[in-house]
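For reference, the chains in residue letters:
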Amino acid sequence: MKSIISFVFIIMFLTTIVSVYGQSEFKEYKGSLVEFQYPIEWESALKEGLNEYGSYVDKDKRVSFEIPNTNGAFTILIEDTDRKNLEELLQEEIESHSNGDMEEILGTKEHILEITDTTLSNEPAKKVIVNVEELDNSLEDSKILTILNLHDNKRYSIVYRMDPASFDHYLPTIEKIIQSFKFTQNY
């Protein structure tokens, strides 16, 4: 009987820890083109208008977070495009991971793991998951999830990059951000 009661208390304790640990308070980001919710603990990691090299770009076209206490990042990139449909955007994305340029330039090898249909703000989108292998071991390997959407002649790329071991751990948070995503202006 004691072992059953102990077992029940252990299960209750673990359930409480998981539910508290897995929850995060979210804050709303509102830009002129998009709005979405993100974890409040990411507030200090918000970078509007800075690209990955620290150069300034239009803050309404790039919103990025370095995920705290990791080497991961979450970025929304909005670019004007002459692509006419989502399939053209997808083809462009596939080519960027398949042409071998990154192997020569950065010493990485990229493998597309998954391509699926999805939605972004109730519009058709494509999800691409890529594994990036660092060939010279100077950087960490990474796994990248990209959501592609074409809206008002703009390419919307939502990119989540994380080391493969931690990728699935942060994925529920990333999915919640993506589910909260909305287009805010049509121009």
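Our structure's up above, just so we're on the same page.
Residues numbered from 1 in each chain as written. Predicted model: local features only at pLDDT ≥ 70, side-chain atom pairs only at ≥ 80, totals over all residues. Heavy atoms only, no water.

Chemist: Sorry, what's going on with the packing of aromatic side chains here?
Modeler: Remark: the centre distance and the inter-plane angle together describe each pair of aromatic rings, the angle taken between the planes. As enumerated under the stated definition, the model contains 12 aromatic pairs in all. Taking the centre distance of 5.0 Å and the plane angle of 25° together, the rings of Tyr29 and Phe36 count as stacked. Take Phe36: its relative accessible area is 1%, and that puts it in the buried class. Seen in terms of ring centroids, Tyr156 and Phe183 are 4.8 Å apart; in terms of plane orientation they differ by 80°. Their pairing is edge-to-face. Highlighted residues: Tyr156 in strand β9 (residues 154-162) and Phe183 in strand β10 (residues 182-183), separated in sequence by 27 residues. Judged by relative accessible area, which is 15%, Phe183 ranks as buried. An aromatic cluster is present here, built from Tyr29, Phe36, Tyr38, Trp42, Phe65 and Phe74 joined pairwise through their rings. The ring of Phe26 carries Lys176 above its face, with NZ or CZ at 4.3 Å from the centroid. (Phe/Tyr/Trp six-rings, centres within 6.5 Å; stacked < 30°, edge-to-face > 60°. Buried < 20%, exposed > 50% of the residue type's maximum accessible area, 1.4 Å probe, protein only. Helix = DSSP H or I, 4+ residues; strand = E, 2+ residues; numbered from the N terminus. Lys NZ or Arg CZ within 6 Å of the ring centre and 35° of its normal.)

Chemist: Even after reading the chapter, I still don't get the nonpolar core, so can you show me in this structure?
Modeler: Nonpolar side chains tend toward joint burial in soluble globular proteins. Ranked by internal contacts, the top residues of the largest apolar core, which has 29 residues, are Phe36, Phe74, Tyr160 and Phe181. Counting residues per element, the ones that place at least two in this core are β1 (26-30), β2 (34-39), β4 (62-66), β5 (73-80), β7 (123-134), β8 (142-151), β9 and α4 (164-180). Discounting residues that sit within four places of it in the chain, Tyr160 has contacts with Ile67, Ala73, Phe74, Lys143, Ile144, Leu145, Ser166, Phe167, Tyr170, Leu171 and Ile174. By size, the runner-up hydrophobic cluster in this structure holds 9 residues, among which are Leu86, Leu90, Ile144 and Leu148. (Core = buried A, V, L, I, M, F, W, Y, C linked by side-chain atoms within 4.5 Å. Contact = heavy atoms within 4.5 Å.)

Chemist: Can you help me understand the sheet that holds β7 in this one?
Modeler: Each strand in a sheet pairs with another by means of backbone hydrogen bonds, the pair being arranged parallel or else antiparallel. Read from one edge to the other, the open sheet built from 7 strands follows the order β3-β4-β5-β9-β8-β7-β6, with strand pairing classed as antiparallel. Each of the sheet's edge strands pairs with one partner strand only, and the pair in question is β3 (46-48) and β6 (108-120). Neighbouring strand axes in the sheet, compared pairwise and without regard to direction, differ in orientation by 20° on average. Across 3 bridges, β3 lies against β4 in antiparallel orientation. Within β4, the residue paired with Glu48 across the bridge is Val63. The strands touched by helix α2 (residues 86-98) within the sheet are β6, β7, β8 and β9, with β8 carrying the most contacts at an inclination of about 155°. Each of β5, β6, β7, β8 and β9 is contacted by α4, which is oriented at about 140° to β9, the strand it contacts most. (Pairing = 2+ DSSP bridges. Axes fitted to C-alpha atoms, helices over the stretch in contact; angles between N-to-C directions.)

Chemist: Would you explain the pattern of salt bridges in this entry?
Modeler: A side chain with one charge can pair with a side chain of the opposite charge if their charged atoms come near. Under the definition given, this model contains 12 salt bridges. Where Asp80 meets Lys154, a salt bridge forms, and the shortest distance between an N and an O atom there is 2.9 Å. Of this pair, Asp80 sits in strand β5 while Lys154 sits in strand β9; the two residues are 74 residues apart in sequence, bridging distant segments of the chain. For Asp80, a relative accessible area of 52% corresponds to the exposed category. A salt bridge links Glu92 to Arg83; its shortest N-O distance comes to 2.7 Å. Residue classification places Glu92 among the partly exposed residues on the basis of a relative accessible area of 29%. By relative accessible area, Arg83 is classed as partly exposed at 27%. One connected set of salt bridges, linked through shared partners, spans Glu79, Asp82, Arg83, Glu92, Glu93 and Arg155. (Salt bridge = Lys/Arg side-chain N within 4 Å of Asp/Glu carboxyl O.)

Any link to function would need more than the numbers given here.
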